[in-house]
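Close look at the chain arrangement
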Amino acid sequence: MLETHRGFSVMRPLITRRQFISSACLDDVVINEGLYGWNVRYYLAAMQRANLHSCCTLAVAYQNILPGHEILLHVYEGIHELLLSREEVGL
C-alpha cells in the first residue's frame, strides 16, 4: 500500500491518498535516483502491470517525505524477500 500525505507538518494532513498494489500486479521494486538541482534524491518505485500484455507503470512510494537511501534499502530488501518467496511457492 502506498500512502501520500499533503498538508502542514504542524497539523494533521489535509489530504491523504492511499493506493493498494496487489501482489499479482507487482513485477518488481526498484530504488531510482533523481536529480534536483545539484542534489541526488533516491526514491522507491513499484513496477506494476495490469495484465501480461500491458506496459509497466511506476508507482512512487513516500513521495513527500523522501527517506534516506539506508531506509529505502531496508524496505527494498524486505519487499524483495517477499517477492522471491512468492516465486518459490509458484504464485
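Refer to the preceding data block for the structure.
Residues numbered from 1 in each chain as written. Predicted model: local features only at pLDDT ≥ 70, side-chain atom pairs only at ≥ 80, totals over all residues. Heavy atoms only, no water.

Points about the overall build of the protein chain
The test is simple: By definition, any uninterrupted DSSP run of H or I lasting at least four residues is a helix, any uninterrupted run of E lasting at least two residues is a strand, and each is numbered from the N terminus. We call a residue buried when its accessible area falls under 20% of the maximum for its residue type, exposed when it is over 50%, and partly exposed in between, using a 1.4 Å probe and counting protein chains only. The contact definition used throughout considers only heavy atoms, calling two residues in contact when any of these lie within 4.5 Å. To measure how exposed things are, a 1.4 Å probe is used in the Shrake-Rupley method; for residues, cover is taken only from the protein chains shown.
A count of helices and strands for the protein chain gives one helix and five strands. N-terminal to C-terminal, the α/β element order of the protein chain is β-β-β-β-β-α. In the protein chain, which comprises 91 residues, the share counted as buried stands at 18%. Considering only contacts in the protein chain between residues 6 or more positions apart, those separated by 24 or more positions represent 37%. Surface accessibility of the protein chain: about 7,200 Å² in total, with carbon and sulfur atoms responsible for 58%.

Side note on unusual backbone geometry
Positive phi is not limited to glycine here, since Leu66 has a value of about 45°. Within the secondary structure layout, Leu66 lies in the loop between strand S5 (57-61) and helix H1 (69-89).

Observations concerning the side chain of Gln48
For Gln48, the position within the fold is in strand S4 (residues 39-48). Once residues within four sequence positions are removed from consideration, Gln48 is found in contact with Gln19, Ile21, Cys25, Asp27, Cys55, Cys56, Thr57 and Ala59.

Here we look at the pattern of salt bridges
To be explicit about the condition: Put simply, a salt bridge is a Lys or Arg side-chain nitrogen that is within 4 Å of an Asp or Glu carboxyl oxygen.
Evaluation of the coordinates by the stated rule reveals one salt bridge. A salt bridge links Asp27 to Arg49, with the nearest nitrogen and oxygen atoms 2.6 Å apart. One end of the pair, Asp27, is in strand S3 (residues 26-36); the other, Arg49, is in the loop between S4 and S5, with 22 residues separating them in the sequence. According to the relative accessible area criterion, Asp27 is partly exposed, its value standing at 35%.

Purely geometric numbers; function is a separate question.
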